[in-house]
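Secondary and tertiary structure notes
Now for the letters of each chain:
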Amino acid sequence: MTAPTLEIHLTDADLTAALREDARRGLTADPKWLPPKWFYDARGSELFEQITQLPEYYPTRTERALLERVVAEIARAAQAEVLVELGAGSAAKTRLLLSALSTEAPLKTYVPQDVSSAALRAAATEVADEFPGLTVHGVVSDFTDTLHNLPRGGRRMIAFLGGTIGNLVPVERAEFLTDIHDVLEPGEHLLIGAGLVIDPAILVPAYDDAAGVTAEFNRNVLHVLNARLSADFQPDKFRHIALWDAENEWIEMRLEATEDMRVTVADLDLVVEFACGEQMRTEISAKFRLESLDTELSAAGFTLDKAWTDPDTRFTLVLATRN
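Description of the overall build of the protein chain
Assigned secondary structure in the protein chain consists of 9 helices and 13 strands. The C-alpha radius of gyration computed for the protein chain amounts to 20 Å, which stays within 12% of the reference 20 Å derived for 323 residues, consistent with globular compactness. Overall size of the protein chain, expressed as C-alpha extent along the three principal axes, is 60 × 40 × 35 Å. Counting only residues that meet the buried cut, the protein chain has 51% of its 323 residues in that class. Taking all contacts inside the protein chain whose residues are at least 6 apart in sequence as the whole, residues at least 24 apart take part in 73%. Carbon and sulfur atoms provide 50% of the accessible area of the protein chain, an area that totals close to 13800 Å². Across the protein chain, the 30 positively charged side chains and the 52 negatively charged ones have centroids separated by 2 Å.

Following this line, the structure appears as structure tokens:
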């Protein structure tokens, strides 16, 4: 077995600088907002793993079941020599792709990308153990602005699973897809997992579970600011809100102040006022229609080859080719 390698383009200092910038911009905006990527410290990652097991949270199990059903077809169509996975995390679902690509295609290399070097190293080691003939080359970076650091060579497929594409607003999605187009060569592939527009009665509880795990996950961003920027948020004084925005066709998560309060972010020398009832957006999770995905991919220079959906039409896997 060849030991996995790790290429680091994002250090803890880089992450802290990005957090400082995001926190200053978001907390001084009107209305206030914070990016969802800051949910994910160790505690946030554990909470999200709990969320994926909740009865209300259908996306993870739906995507996995769909992937199990169509993965061989994806592998035969892509014929990838290199699988690049953005936001790889634990690479749990990726093993389905790796197995199929090893069987149905001439897969040689797996390139997991993530912001956490510790998580990436652990995932890369596990994959290398499980697939001893595979070269594993991890890239520590932020997929939103460091795609140019992904290795070139070989026939590549970039996988972006989990519905994470929905965390980007339309302008960000357009920029992101264009950046992927610029990284890929003509004929190479992009595989996207995306949630579909469904009945809000099913959709909203997935982001507002009865056990309150998602609420704790949402408030975790305040714990992150307290720990990393010496802020003095009192997270239990913020109420979790999840609502369906029918116009934009996305779920919006917010934190609502339950009383007037003043928060100091010491590392930014910033004092932030919250009025009772004031809401701060912490995440959007856009849901898609197949026609709109096709339109967005086409605008970025891709041809949609095939889209697969689960029997309840809640989730899709889309394979596209770079023109």
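Back to the text.
Considerations on the nonpolar core
A general trend in soluble globular proteins is that nonpolar side chains are found buried together. Counting 44 residues, the largest nonpolar core has Leu27, Tyr207, Leu225, Phe233, Phe238, Val265 and Phe274 as the members making the most contacts within it. Among the secondary structure elements, those contributing two or more residues to this core are helix H1 (12-27), helix H2 (42-52), helix H8 (213-229), strand E7 (238-245), strand E8 (250-257), strand E9 (261-265) and strand E10 (270-274). Tallying contributions element by element places H8 first for this core, with 7 residues. With residues near it in sequence (within four places) discarded, Tyr207 still touches Tyr57, Pro59, Thr214, His240, Ala242, Ile251, Met253, Ser285 and Lys287. Of all hydrophobic cores here, the second largest spans 33 residues; its members include Leu66, Ala75, Leu107 and Tyr110.

Points about helix H3 (residues 59-78)
Spanning 20 residues, H3 covers only 24 Å between terminal C-alpha atoms, well under the ideal 28 Å at 1.5 Å per step. The set of residues buried in H3 consists of Pro59, Thr62, Glu63, Leu66, Leu67, Val70, Val71, Ile74, Ala75 and Ala78. In this structure, the buried side of H3 is in contact with helix H4 (94-104), strand E5 (156-160), strand E6 (189-195), strand E12 (302-309) and strand E13 (315-322).

Describing the sheet that holds E5
Strand order across the open sheet formed by 8 strands is E1-E4-E3-E2-E5-E6-E13-E12, with mixed pairing between neighbours. Edge positions in the sheet fall to strand E1 (5-8) and E12, since each of these pairs with one other strand and no more. Taking each pair of neighbouring strands and ignoring which way they run, the sheet shows an average axis angle of 20 degrees. Where E1 lies against strand E4 (residues 135-140), 4 bridges are found, and the strand directions are parallel. Paired with Ile8 across the bridge in E4 is Val140. Helix H9 (residues 290-299) rests against E6, E12 and E13 of the sheet, and its axis sits at about 155 degrees to E12.

Here we look at the pairing of E5
With 5 of 5 residues buried, E5 is to be regarded as a mostly interior element. Along E5, one buried face is formed by Arg156, Ile158 and Phe160 and the opposite face, lined by Met157 and Ala159, is buried too. Of the strand pairs in this sheet, strand E2 (residues 82-85) and E5 are connected by 4 bridges, and their pairing is parallel. By the bridge assignment for E5, Glu85 is matched with Ala159. Pairing of E5 with E6, which is carried by 4 bridges, proceeds in the parallel orientation.

Quick notes on unusual backbone geometry
That bond from Asp30 to Pro31 is cis: its omega, 0 degrees, falls within 30 degrees of zero. The residue Pro31 is located in the loop between H1 and H2 in this model. Although it is not a glycine, Ser230 adopts a positive phi angle of roughly 55 degrees. Summarising the element assignment, Ser230 is placed in the loop between H8 and E7.

Some details on the pairing of E10
Here E10 shows a clear split, with Leu270, Val272 and Phe274 buried on one side and none of Val271 and Glu273 buried on the other. Across 5 bridges, E9 lies against E10 in antiparallel orientation. Opposite Met261, over in E10, you have Phe274 as the bridge partner. Between E9 and E10, which pair antiparallel and follow one another directly, the connecting turn spans 4 residues, one of which, Asp269, has a positive phi of 50 degrees.

Concerning the pattern of salt bridges
For the structure shown, the criterion picks out 20 salt bridges. A salt bridge links Arg95 to Glu126, with the nearest nitrogen and oxygen atoms 3.0 Å apart. Of the two residues, Arg95 is situated in helix H4 and Glu126 in helix H5 (residues 117-130); the sequence distance between them amounts to 31 residues. Owing to a relative accessible area of 43%, Glu126 belongs among the partly exposed residues under this scheme. What you see here is one network of salt bridges that share partners, running through Asp22, Lys37 and Asp142.

What counts and how
- Residues numbered from 1 in each chain as written.
- Predicted model: local features only at pLDDT ≥ 70, side-chain atom pairs only at ≥ 80, totals over all residues.
- Heavy atoms only, no water.
- Helix = DSSP H or I, 4+ residues; strand = E, 2+ residues; numbered from the N terminus.
- Rg over C-alpha atoms; globule rule 2.2 N^0.38 Å.
- Buried < 20%, exposed > 50% of the residue type's maximum accessible area, 1.4 Å probe, protein only.
- Contact = heavy atoms within 4.5 Å.
- Areas by Shrake-Rupley, 256 points an atom, 1.4 Å probe, with all protein chains shown as cover.
- Lys, Arg positive; Asp, Glu negative; His and termini not counted.
- Charge placed at Lys NZ, Arg CZ, Asp CG, Glu CD.
- Core = buried A, V, L, I, M, F, W, Y, C linked by side-chain atoms within 4.5 Å.
- Expected span 1.5 Å × (residues − 1).
- Pairing = 2+ DSSP bridges.
- Axes fitted to C-alpha atoms, helices over the stretch in contact; angles between N-to-C directions.
- Salt bridge = Lys/Arg side-chain N within 4 Å of Asp/Glu carboxyl O.

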